[in-house]
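Fold and contact review
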Amino acid sequence: MAKGRHSRYPPRKSSSWTMLIFSMFLVLLFVVLFILGIVSLPSSNPSKSHRGHDLSSIAHTSVHRDNSIGRNEDKSEGWVEVISWEPRAFIYHNFLSKEECEYLIELAKPHMQHSTVVDSETGKSKDSRVRTSSGTFLARGRDRIIRGIERQIADFTFIPVEHGEGLQILHYEVGQKYEPHYDYFQDDFNTKNGGQRIATVLMYLSDVEEGGETIFPSAKGNFTAVPYWNELSECGKGGLSVKPKIGDALLFWSMKPDATSDSSSLHGGCPVIKGNKWSSTKWLRVNEYKV
Ligand SMILES: *[C@@H]1O[C@H](CO)[C@@H](O)[C@H](O)[C@H]1NC(C)=O
């Protein structure tokens, strides 16, 4: 009997040894991976796992970047506000420090030229009555400060730095404006490099005493409900308006998530009534934009 059993299950002893060694190997492997940080146990600390989805954590990590100027003196916190879902528009409050705003203005000042718009037939720039401001372009990655700002725009929009056009600096004096328009192209010429414009980040480099609002005339929703409604100019009351505030950045999307153009992204700059307005625009493309 014993002999028969022995002969019937000869590999049993060696197989249990193999299993034991194999399980010890698995335990060891897990311990090593755990030490290396590749595997982690479920955490009981809710604040840690929650942080990744918290907008304020994005703001915090971006605001405390190394190559910024004036951040230490400027204690104002960055925070993001959703202002509209049609168009998709967000304000990042205190995006730039006062020193960064002044730095951009001083860089641009000697090069300001009368603004043009893009001709949809030739793709070339042309003078226009719909846009009466003056402006200039600062090349992408031009210096340390600008690279820092462009890095922060990428953090805010989740669009890589390489998809951005140069930084445009604009100056509007009393009476100057930009009539409502779309930022996306309706021609094939301008989309050759980088593809369609997907989103725009508009940074206010100065306060404006009166007028100069950014207006979305086709925005859906109750635009009279904004807390600053009574401070808006006549033009500003014609749609959803954003009052320029130094350091704030407005992000809006020209394309919907299904990659079609969003006609509710129609926007303009109201005439400045009192004071003057400095702003900076960063257009972001669907693909890499080669400089
Ligand atoms: C829009 O908002 C204003 C201010 O909060 C309110 O008085 C008004 O009734 C609202 N209109 C609609 C149509 O909801």
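Positions within a chain are numbered from 1, following the residues in the order the chain's sequence is written. Where totals are concerned, whole chains, interfaces and linings use all residues; where local detail is concerned, this predicted model gives features only for residues with pLDDT of at least 70, and gives and counts side-chain atom pairs only at 80 or more.

With that settled, the discussion passes to the overall build of the chain. Looking only at helices and strands, the chain has six helices and 16 strands in total. For the chain, the residues scored as buried account for 31% of the 291 residues in total. A helix here means a DSSP run of H or I that spans at least four residues, while a strand means a run of E at least two residues long, and both kinds are numbered starting from the N terminus. Burial is judged by counting the other C-beta atoms within 10 Å of a residue's own C-beta: 20 or more makes it buried, 12 or fewer makes it exposed, and any count in between marks it as partly exposed, with every C-beta position built from the backbone.

Here four strands make up an open sheet; going across it, the order is E8-E14-E11-E12 and the pairing antiparallel. Whereas interior strands pair on both sides, the edge strands pair on one side only; in this sheet they are strand E8 (178-181) and strand E12 (240-242). The sheet shows a mean angle of 15° between the axes of neighbouring strands, direction not considered. Here the rule is simple: two strands pair whenever DSSP picks up at least two bridges between them. Note: E8 against strand E14 (residues 267-269), two bridges, orientation antiparallel. Its bridge partner being in E14, histidine 181 is matched across the sheet by histidine 267. Angular values range over 0 to 180 degrees, each being the angle between N-to-C directions of two axes fitted as lines to C-alpha atoms, with helices fitted over their stretch in contact.

This next bit is on helix H5 (residues 98-108). Regarding H5, the residues found buried are Glu100, Cys101, Leu104 and Ala108. One face of H5 carries all of its buried residues, which in axial projection span an arc of 105°. The contact rule is simple: place each C-beta atom from the backbone, and if two of them lie within 7 Å, those residues are in contact. Elements that come into contact with the buried residues of H5 comprise strand E6 (134-138), helix H6 (144-157), strand E7 (167-172) and strand E16 (277-285). The reported arc concerns the directions from the helix axis to the C-beta atoms and nothing else.

Within the secondary structure, arginine 88 sits in strand E2 (residues 88-93). Along the chain, arginine 88 and tryptophan 253 lie 165 residues apart, while their C-alpha atoms are 5.7 Å from each other. Setting aside residues no more than four positions away along its own chain, arginine 88 makes contact with Phe252 and Trp253.

Counting residues in each nonpolar core, the largest one holds 40 residues, and the members touching the most others are Val201, Met203, Ala249, Leu250 and Leu251. The element contributing the most residues to this core is strand E9 (residues 197-204), with six residues. Throughout this description, the term nonpolar core refers to a group of buried Ala, Val, Leu, Ile, Met, Phe, Trp, Tyr and Cys residues whose C-beta atoms join them within 7 Å.

Further remarks concern the pairing of E16. Among the nine residues of E16, eight are classified as buried, and the element is accordingly described as predominantly covered. Both E7 and E16 contribute to a ladder of five bridges, which runs antiparallel. Across the sheet, the residue bridging to leucine 170 is serine 279, located in E16. Inspection of the sheet shows E9 paired to E16 by seven bridges, in the antiparallel sense. Looking across to E16, one finds that leucine 202 is bridged to threonine 281.

What follows is about the confidence of the model for the chain. In this model, the chain carries an average pLDDT of 85, and 79% of its residues clear a pLDDT of 70 or more. Counting interchain partners and residues more than four positions distant, the pLDDT-below-50 stretch residues 44-59 has nine contacts. The pLDDT score gives, residue by residue, the confidence of the prediction method on a 0 to 100 scale.

Spatially, E1-E2-E13-E9-E16-E7-E6-E3 is the arrangement adopted by the eight strands of the open sheet, whose pairing is antiparallel. Whereas interior strands pair on both sides, the edge strands pair on one side only; in this sheet they are strand E1 (79-85) and strand E3 (113-114). Summarising the sheet, E2 and strand E13 (residues 249-253) pair through four bridges and their orientation is antiparallel. Bridging from a neighbouring strand, alanine 89 pairs with phenylalanine 252 of E13. Contacting E6, E7 and E16, H5 runs over the sheet at an angle of about 100° to E6.

Before going further, it helps to examine the pairing of E1. Inspection of the sheet shows E1 paired to E2 by six bridges, in the antiparallel sense. Across the sheet, tryptophan 85 pairs through a bridge with arginine 88, a residue of E2. Taking the residues between adjacent antiparallel strands as the criterion, E1 and E2 are bridged by two residues.

Look at H6: 20 Å from first C-alpha to last across 14 residues, which is about the 20 Å you get at 1.5 Å a residue. Buried within H6 we find Ile146, Ile149, Glu150, Gln152, Ile153, Phe156 and Thr157. Along the long axis of H6, the arc covered by the buried residues comes to 160°, so they all point the same way. Looking one or two places after H6, you find phenylalanine 158, whose phi comes out positive at around 65°. Between the first and last residue of a helix there are one fewer steps than residues, each counted as 1.5 Å, and that sum is the expected span.

With that settled, consider the environment of leucine 202. Relative to the assigned elements, leucine 202 resides in strand E9. Separated by 81 residues in the primary sequence, leucine 202 and tryptophan 283 have C-alpha atoms spaced 8.6 Å apart. Not counting the four nearest positions on each side in its chain, leucine 202 is found in contact with Thr214, Ala249, Leu250, Ser279 and Thr281.

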